[in-house]
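Chain by chain, the residues:
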Amino acid sequence: MQQFTSLCYHYIRTKNNQFPRILGNDIDEFIDHIKMLQKKYSIISANDVLNFYYNNQSFKNNKNILITFDDGLSDHFEAAKILHENDIKAMFFVPTCILDEKLPANPMIIHYCIAEFGITNFLGTFYDIIEELKVSNNIDFSINHFNEFNNRWDKISQIKNMFKYKIQYSLSRKILIKIFQKLFLEKYPNGLDIIHLNENKIRDMIKMGHTIGTHTHTHLSIGATKLNSNDFKKEVINPKKILEKRFDLEIFSFSYPFGEKQDCLSSAELLKNTKEYKIAFTVEENKNTKKTSPLLLGRYMPTSKDSAKKLSLKIEKIFNS
Ligand SMILES: [Zn+2]
């Protein structure tokens, strides 16, 4: 049976990077992944997927892999070069706030500020800001609430949840930008370039043959956030126009931020709101066949614990499901 699965990478960390507390796939491990994938599977491009669903084209082999990267991270430039040297065309999903507002996407503000300044400083700055904005009454998360969580990772996941689902999205964005400015930008004036790709790097990646797609404007959960039509336009439709205009390309793909079921729309819902995209990706661990909706393509997110061998077992499991 003709099928493919897709991998969704995020941080790809080098040995001597400045922020060791940011977790991700180690770059050497990533290179091992690539070697294994090239040996065992056919690596396909975004255009191959487009042709499979819309132009009735078949893949050359039955087991295919599409490699994708979410979040427009600075790490991706090195990954793009490695892939290019290996003759692989990958997909990179970019949140457009990094180009248009020159500000990071929401989750990266949380990752980098906590990695650099710690949870206590992060929350302290957060409480100063909600006091300054006089919105504390609307937020039922007190410092005590977070102190109930002993484990660092539980606390971090509570903080992420709060910004993602509990605080109204435009307020959430406003607070995160202020946290970024007060903490990170204060110490690192080139903070945006530390975290994300910039226009020139993306341009080089396109020249290498990679494909870019959108990942909303500021990185919010499309499924869980009640966006009015203006904000839907700002988060889902305009990012396509921003990338098309800047890079003079047709943009046809989108990946759902967070990507779990509650963060996505069904294909019918997406089509009701926009027909701008031909393919869209989740992080549901599914294989994709002719029967899969091209607007709900599954991906697997390799973790920092996935050696090449473990990754290959995981992929086989997905193909055999
Ligand atoms: Zn993302």
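Procedures and definitions
Residues numbered from 1 in each chain as written. Predicted model: local features only at pLDDT ≥ 70, side-chain atom pairs only at ≥ 80, totals over all residues. Heavy atoms only, no water. Axes fitted to C-alpha atoms, helices over the stretch in contact; angles between N-to-C directions. Helix = DSSP H or I, 4+ residues; strand = E, 2+ residues; numbered from the N terminus. Parallel < 35°, antiparallel > 145°, perpendicular 65-115°, else oblique. Left-handed = near helix turned anticlockwise from the far one by under 90°. Nonpolar A, V, L, I, M, F, W, Y, C, P; charged D, E, K, R; others polar. Polar contact = N/O pair within 3.5 Å; in protein donor to acceptor, adjacent residues only side chain to side chain. Contact = heavy atoms within 4.5 Å. Donors = N, O, S within 2.8 Å, 3.2 Å for Na, K, Ca; no water. Buried < 20%, exposed > 50% of the residue type's maximum accessible area, 1.4 Å probe, protein only. Pairing = 2+ DSSP bridges. Right-handed = clockwise from strand over helix to strand, strands pointing away. Domains from an automatic or database assignment. Buried area = accessible area lost by both parts, 1.4 Å probe. Salt bridge = Lys/Arg side-chain N within 4 Å of Asp/Glu carboxyl O.

**Topic: the packing of helix α5 (residues 106–132) against helix α8 (residues 169–187)**
Phase 1: Relative to each other, α5 and α8 sit at 115 degrees, their axes nearing to 8 Å. Classed by the angle they form, the pair α5 and α8 counts as roughly perpendicular. Taken as a pair, α5 and α8 cross one another with a handedness that is right-handed.
Phase 2: Looking at the contact of α5 with α8, its residues break down into 16 nonpolar, 3 polar and 6 charged.

**Details of the side chain of E316**
Phase 1: Secondary-structure assignment places E316 in helix α13 (residues 308–320).
Phase 2: Within the local environment of E316, its side chain forms a polar contact with the side chain of K63, the two groups lying 2.8 Å apart.
Phase 3: With residues near it in sequence (within four places) discarded, E316 still touches Y41 and K63.

**Things to note about the coordination of the zinc ion**
Phase 1: At this site the zinc ion is bound by D71 (OD), H215 (NE2) and H219 (NE2), with donor distances of 2.0 to 2.1 Å.
Phase 2: Motif for the zinc ion, donor spacing along one chain: D-x143-H-x3-H. With a gap of 148 residues between them, D71 in the loop between β5 (63–70) and α3 (75–85) and H219 in the loop between β7 (211–214) and α11 (229–247) connect regions that are remote in the sequence.
Phase 3: The buried category is assigned to D71, whose relative accessible area is 4%.
Phase 4: A relative accessible area of 4% means that H219 is categorised as buried.

**A closer look at the pairing of strand β6 (residues 91–94)**
Phase 1: Residues of β6 alternate between two faces, with M91 and F93 on one and F92 and V94 on the opposite face, all of them buried.
Phase 2: As judged from the 3 bridges shared by β5 and β6, these two strands associate in the parallel manner. Residue F69 lies in a different strand from β6, and its bridge partner there is F92.
Phase 3: With respect to chirality, the unit in which β5 leads through α3 into the neighbouring parallel β6 is right-handed.

**Thoughts on the domain arrangement of the chain**
Phase 1: As assigned here, the chain comprises domain 1 (3–101 + 197–320) and domain 2 (106–191).
Phase 2: Distance from the C-alpha centre of domain 1 to the C-alpha centre of domain 2: 27 Å.
Phase 3: For the pairing of domain 1 and domain 2, the buried interface totals around 1700 Å² over both sides, and the portion due to carbon and sulfur atoms is 61%.
Phase 4: The tally of links from domain 1 across to domain 2 stands at 1 salt bridge.
Phase 5: At the boundary of domain 1 with domain 2, the tally comes to 8 residue pairs in polar contact (both at pLDDT 80 or more).
Phase 6: Within the side of domain 1 that touches domain 2, the residues separate by chemical class into 10 nonpolar, 7 polar and 7 charged.

**Focus: unusual backbone geometry**
Phase 1: Positive phi outside glycine occurs at D87, with the angle close to 65 degrees.
Phase 2: By the secondary structure assignment, D87 is in the loop between α3 and β6.
Phase 3: Here the phi dihedral of F258 falls at roughly 70 degrees; this positive angle occurs in a residue that is not glycine.
Phase 4: Among the secondary structure elements, F258 is positioned in the loop between β8 (253–255) and α12 (267–273).

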